[in-house]
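Take a look at the letters that make up each chain.
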Amino acid sequence: MPPDSAAQVVLATAEGNPLIVEASVQRGRVVLVATSAGDPSWSAMPLWPSFVPLVHEILRYAVARQIDERNVLVGEPLVGMVPLSADVPALAIAAPGRRVEEVRPRAEADAYGWTFFETWQSGPYTAQFGPPLSQSELYTANVDSREPSESDLETITPEQLSKDVWPDVPLVHQTTFQNLDQPAASSVAPQSRLARGLLYAALGLLLIETWVAWRAGHHGEAALSAPSAGRRAA
């Protein structure tokens, strides 16, 4: 490796020779594997069970930056690049809620770059390119659920509650029941007795209704059986 190289050696041989090297090139990543993928005379790596997962991970690492740019937090801009051509492609951003905004790409060194700032609503955003590209790309603005946005369940003292959470609200911290002789507290007992009495009355009515229904059914059966007995006697 050249001493002034920005590339990094990811994997080396036992002799110290670079085997896998990666480097960032502009907005992308390049991974160089300095061995053969199909000639066992070079290396036994293609015969290893870990060879296929290794190739998948190298590919995932190389394209991960493209995926990261497609997923932003609400309020963060969407950024993209399109190939440089003779005509500036028309670009429209379809935002959540059927909102469509026109964006004009800007010419850079070797491509057209564009930025969309109005990601104030979470959901999918679609970049729709006109001729000569005539294609679309999907982006997503997500709600930030990382700390400190999530609730902190750590216990705080009454002083912290009064000072940090409710600085302008009068706060009285009470750990035991006090002033039970006040009208608001004493009114709880009569209400409780009234509710208990209504519950007992409803239970009594239910029992009476069951008994009355049983009595009516019993007398009905007796009335139906009396004529039959008279016919048998005759």
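Since this is a predicted model, take the numbers as computed values, not measurements.

Draft legend 1. Representation of the overall build of the protein chain within the structure. When its secondary structure is counted, the protein chain shows four helices and eleven strands. Looking at the protein chain as a whole, 17% of its 234 residues qualify as buried. For the protein chain, contacts bridging at least 24 residues in sequence account for 49% of all contacts bridging at least 6. Split by element, the accessible area of the protein chain, about 17,800 Å² in all, is 60% carbon and sulfur.

Draft legend 2. Expanded view of the sheet that holds strand 11 (residues 135-142). Strand order in the open sheet made by the five strands is 4-11-10-6-7, with mixed pairing throughout. Two strands lie at the open edges of the sheet, namely strand 4 (71-73) and strand 7 (99-103), each paired on one side alone. Going from strand to strand, the sheet's axes swing by 25 degrees on average, the running direction of each strand aside. Where strand 6 (residues 91-95) meets strand 7, five bridges bridge the pair, whose relative direction is antiparallel. By the bridge assignment, Ala95 is partnered in strand 7 with Arg99.

Draft legend 3. Spatial organisation of the pairing of strand 11. As defined by bridge partners, strand 4 adjoins strand 11 across three bridges and the pair is classed as parallel. Its bridge partner lying in strand 11, Asn71 is registered against Thr140. Hairpin connection of strand 10 (residues 123-129) to strand 11: five residues between the antiparallel strands, including Ser134 at a positive phi of 55 degrees.

Draft legend 4. Molecular detail of the nonpolar core. In this structure, Leu78, Leu91, Ile93, Trp114, Phe116, Tyr125 and Ala127 are the most contacted members of the largest nonpolar core, which totals 15 residues. The set of elements that each furnish at least two residues to this core consists of strand 5 (78-83), strand 6, strand 9 (111-116), strand 10 and strand 11.

Draft legend 5. Geometry of the sheet that holds strand 5. With respect to topology, three strands assemble into an open sheet ordered 5-9-8, the strand pairing being antiparallel. The open sheet has two edge strands with one neighbour each: strand 5 and strand 8 (106-107). Judged from the two bridges that link them, strand 8 and strand 9 form a sheet pairing that is antiparallel. By the bridge assignment, Arg106 is partnered in strand 9 with Gly113.

Draft legend 6. Focus on the pattern of salt bridges. Considering all chains together, one arrives at four salt bridges under this definition. Two residues, Glu137 and Arg70, come together in a salt bridge whose shortest N-O distance is 3.8 Å. Of the two residues, Glu137 is situated in strand 11 and Arg70 in helix 1 (residues 51-70); the sequence distance between them amounts to 67 residues. Given a relative accessible area of 31%, Arg70 falls into the partly exposed group. A salt bridge links Arg99 to Glu101; its shortest N-O distance comes to 3.6 Å. Take Arg99: its relative accessible area is 16%, and that puts it in the buried class.

Draft legend 7. Structural view of the environment of Arg106. Relative to the assigned elements, Arg106 resides in strand 8. Contacts of Arg106, omitting those with residues within four sequence positions, involve Ala111, Tyr112, Gly113, Trp114 and Thr115. Within the local environment of Arg106, its side chain forms a polar contact with the side chain of Thr115, the two groups lying 3.3 Å apart.

Draft legend 8. Seen up close, the confidence of the model for the protein chain. Here the protein chain averages 80 in pLDDT, and 81% of its residues register 70 or above. The least confident element of the protein chain, judged by mean pLDDT, is helix 3 (residues 183-186) at 47; the most confident is strand 6 at 93. Low pLDDT (under 50) marks residues 184-188, which in the prediction has three contacts with non-local residues, meaning those over four places away or in another chain.

Draft legend 9. Representation of the packing of aromatic side chains in the model. Inspection of the entire model under this criterion finds three aromatic pairs. Aromatic pair Trp114 and Phe129: ring centres 6.5 Å apart, planes at 70 degrees, arrangement edge-to-face. A residue pair is termed long-range when its members are at least 10 positions apart, and Trp114 in strand 9 and Phe129 in strand 10 qualify at 15 residues. This pair shows no difference in class: Trp114 is buried, exactly as Phe129 is. A ring pair is formed by Trp114 and Tyr139, whose centres lie 5.5 Å apart and whose planes are at 85 degrees; its orientation type is edge-to-face. You can see Trp114 sitting in strand 9 and its partner Tyr139 sitting in strand 11, a full 25 residues away along the chain.

The rules we used
- Residues numbered from 1 in each chain as written.
- Predicted model: local features only at pLDDT ≥ 70, side-chain atom pairs only at ≥ 80, totals over all residues.
- Heavy atoms only, no water.
- Helix = DSSP H or I, 4+ residues; strand = E, 2+ residues; numbered from the N terminus.
- Buried < 20%, exposed > 50% of the residue type's maximum accessible area, 1.4 Å probe, protein only.
- Contact = heavy atoms within 4.5 Å.
- Areas by Shrake-Rupley, 256 points an atom, 1.4 Å probe, with all protein chains shown as cover.
- Pairing = 2+ DSSP bridges.
- Axes fitted to C-alpha atoms, helices over the stretch in contact; angles between N-to-C directions.
- Core = buried A, V, L, I, M, F, W, Y, C linked by side-chain atoms within 4.5 Å.
- Salt bridge = Lys/Arg side-chain N within 4 Å of Asp/Glu carboxyl O.
- Polar contact = N/O pair within 3.5 Å; in protein donor to acceptor, adjacent residues only side chain to side chain.
- pLDDT = per-residue confidence, 0-100.
- Phe/Tyr/Trp six-rings, centres within 6.5 Å; stacked < 30°, edge-to-face > 60°.

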